[in-house]
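Next come the chains, spelled out residue by residue.
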Amino acid sequence: FMGTPDFARTILERLVTDGHEICGVFTQPDKPKNRGHKLMQPPVKEYALTKGLAVYQPLQVRDADTLELVQSLSPDLIVVAAYGKVLPEEILDTPQYGSINVHSSLLPKYRGAAPINWAILNGETETGVSIMYMAKELDAGDIILQKTTAIRETENAQELTERLAELGAQALSQAVTELTEGKAVRAPQAAEKATYAAMLSREMSTIDWNRSAHEISCQVRGLIPWPTAVTELGGNRCKVFSTSVLDATTSAAPGTILAAGKEGIQVACGGGTVLRIDELQADGGKRMKAADYLRGHPIPVG
């Protein structure tokens, strides 16, 4: 198994629960975190150690040592989920049943690093997971099976990631059974329909109030937990964590504060739409309800 974050941990847990023998767990090296720069173990490593599984954290996967290590383990199948490294063909071709990937989108849409975020950012109403054979080109392998789910109206990327991890675990369990029984299909992707989900960046954070309330809501939800949407309120830079699209219209200029009180902060958006900021965090402050923030930082309407 190869994976790193919580999403991958959920997948690995299912493989263990299903009774598969995990001959090795590959994950990213421990990384320093927070102000103390203490080395933190990836979630996959934390879980693997509790189960007594052998953990490997190579700095490079495109070298002879890693290839030799994988071959020495003689895996029947390699399962990859959010590992964070691009594997060479020599490793992918090692197992009897090949190498498969749990990808959190309905391929060929949203190949790449941030499919969950981009599905929300682009206002999609549906997404899912794909179990696919790994190929040389990024996320371009043949599909074994897919499972679909609706994106909830107020769901952010972190919440959707947790749901897709569970859905991915279910799909993988089914796919591994089909592989071992010789029933797994290989459906080629329609390459002409492929889209790419690039890595997120801080440049995506600033809210443009000329956009519609719905578009800004998608931005806020899609950028959680990082880099988060950002705006300026009363001269203070604030991260915005949750919003509500209101069933209201306004003739005020985009960015105008329409109301600021116990219900939150209502802001005029593009097209006469209205968005309410429900939860935020000012620079240097704590994450809190907008109503609580206003008690110490009143913002004039208009």
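Structure: see above.
Chains are numbered independently. Their residues run from 1 in the order of the written sequence. Since the coordinates come from a predicted model, pLDDT governs what is reported: local features require at least 70, and pairs of side-chain atoms require 80 or more to be given and counted, while whole-chain, interface and lining totals use all residues. Excluded from the side-chain calculation are hydrogens and water; included are all heavy atoms of the structure.

A. Just the pairing of strand S12 (residues 229–233), in detail. We call a residue buried when its accessible area falls under 20% of the maximum for its residue type, exposed when it is over 50%, and partly exposed in between, using a 1.4 Å probe and counting protein chains only. In DSSP terms, a helix is any run of H or I states spanning at least four residues, a strand is any run of E spanning at least two, and both are numbered starting from the N terminus. Burial analysis of S12 places four of its five residues in the buried class, the great majority of the element. The hairpin turn running from S12 into strand S13 (residues 236–249), its antiparallel successor, is two residues long, and Gly 234 in that turn takes a positive phi close to 55°. Here the rule is simple: two strands pair whenever DSSP picks up at least two bridges between them.

B. Broad picture of the environment of Asn 210. Relative to the elements of secondary structure, Asn 210 occurs in the loop between strand S11 (196–197) and helix H7 (213–222). Along the chain, Asn 210 and Glu 153 lie 57 residues apart, while their C-alpha atoms are 21 Å from each other. The residues contacting Asn 210, other than those within four sequence positions of it, are Pro 254 and Gly 270. For this analysis, residues touch if any pair of their heavy atoms sits within 4.5 Å.

C. Up close: unusual backbone geometry. In this structure, Pro 225 follows Ile 224 across a cis peptide bond, with omega equal to 10°. By the secondary structure assignment, Pro 225 is in the loop between H7 and S12. A cis amide bond links Trp 226 with the next residue in sequence, Pro 227, at an omega value of 5°. Turning to its location among the elements, Pro 227 is positioned in the loop between H7 and S12. Unlike most non-glycine residues, Ala 82 shows phi in positive territory, near 50°. The exposure class assigned to Ala 82 is partly exposed, which follows from its relative accessible area of 37%.

D. Local environment of the environment of Tyr 293. Position of Tyr 293 among the secondary structure elements: in helix H8 (residues 290–296). Overall, the relative accessible area of 3% leaves Tyr 293 in the buried class. With 14 residues separating them in the primary sequence, Tyr 293 and Glu 279 have C-alpha atoms 8.8 Å apart. The contacts of Tyr 293, once residues within four sequence positions are left out, are Leu 233, Asn 236, Cys 238, Leu 280, Ala 282, Met 288 and Ile 299.

E. Representation of a negative patch on the surface in the model. A patch consists of residues exposed above 30% relative accessible area that lack any salt bridge, with like charges linked at up to 9 Å and nonpolar side chains (Val, Leu, Ile, Met, Phe, Trp, Tyr) linked at up to 5 Å. Each accessible area is a Shrake-Rupley estimate made with a 1.4 Å probe; only the visible protein chains count as cover when residues are assessed. Any Lys or Arg side-chain nitrogen found within 4 Å of a carboxyl oxygen on Asp or Glu counts as a salt bridge. Only four residue types enter the tally: Lys and Arg on the positive side, Asp and Glu on the negative side, with His and both chain ends excluded. By convention, the point assigned to a charge is CZ for Arg, NZ for Lys, CD for Glu and CG for Asp. A contiguous patch of negative charge on the surface is contributed by Asp 6, Glu 159, Glu 162 and Glu 166. No other element matches the three residues that helix H6 (residues 157–180) contributes to the negative patch. Counting through the fold element by element, Glu 159 comes out in helix H6. Overall, Glu 159 belongs to the partly exposed group, its relative accessible area being 39%.

F. Fine view of the environment of Gly 261. Checked against the element boundaries, Gly 261 lands in strand S14 (residues 257–261). For the pair Gly 261 and Asp 292, spaced 31 residues apart in sequence, the C-alpha separation works out to 8.9 Å. For Gly 261, the residues in contact, after removing those within four places along its chain, are Ala 291 and Leu 294.

G. Local environment of the packing of helix H1 (residues 6–17) against helix H2 (residues 43–50). A fitted line through C-alpha atoms represents every axis, and for helices the fit uses only the stretch in contact; the resulting angles, taken between N-to-C directions, go from 0 to 180 degrees. Interhelical geometry of H1 versus H2 gives an angle of 25° and a closest axis separation of 8 Å. Taken together, the axis directions place H1 and H2 in an arrangement best described as roughly parallel. Together, Asp 6, Ala 8, Arg 9, Leu 12, Glu 13 and Val 16 of H1 and Pro 43, Val 44, Glu 46, Tyr 47 and Ala 48 of H2 make up the contact between the two elements. Each angle is binned into one of four classes, with values under 35 degrees roughly parallel, values over 145 roughly antiparallel, values of 65 to 115 roughly perpendicular, and all other values oblique.

H. Here's a closer look at the pattern of salt bridges. This model, assessed by the stated rule, comprises 13 salt bridges. Linking Asp 30 and Lys 45 is a salt bridge whose minimum nitrogen-to-oxygen distance equals 3.2 Å. With a gap of 15 residues between them, Asp 30 in the loop between strand S2 (25–26) and strand S3 (31–33) and Lys 45 in helix H2 connect regions that are remote in the sequence. Of the residues examined, Asp 30 reaches a relative accessible area of 24% and is grouped as partly exposed. Of the charged contacts in the structure, one is a salt bridge between Asp 142 and Arg 186, with a shortest N-O distance of 3.3 Å. Note that Asp 142 is positioned in the loop between strand S9 (126–133) and strand S10 (143–150) and Arg 186 in the loop between H6 and S11, a separation of 44 residues in sequence. Within the structure, one salt-bridge network assembled from shared partners comprises Arg 9, Glu 13 and Glu 46.

I. How the structure looks around the packing of aromatic side chains. Two rings belonging to Phe, Tyr or Trp (six-membered ring only in the last case) form a pair when the distance between their centres is within 6.5 Å. Interplanar angles under 30 degrees mark stacking, angles over 60 mark edge-to-face geometry, and anything in between is tilted. Here the structure, examined in full by the defined rule, presents one aromatic pair. Consider the rings of Phe 26 and Tyr 56, whose centres lie 5.1 Å apart with planes at 35°: the pair is tilted. With Phe 26 in strand S2 and Tyr 56 in strand S5 (residues 55–56), this residue pair connects regions lying 30 residues apart in the sequence. On the basis of relative accessibility, which here comes to 3%, the residue Phe 26 falls in the buried class. Throughout this description, the term charge over a ring refers to an Arg CZ or Lys NZ atom that lies within 6 Å of the ring centre and within 35 degrees of the ring normal. Between Arg 186 and the ring centre of Tyr 133, over which it is positioned, the NZ or CZ distance is 3.7 Å. Above the ring of Phe 241, the side-chain terminus of Arg 287 is found at 4.1 Å from the ring centroid.

Purely geometric stuff here, so don't read any function into it on its own.
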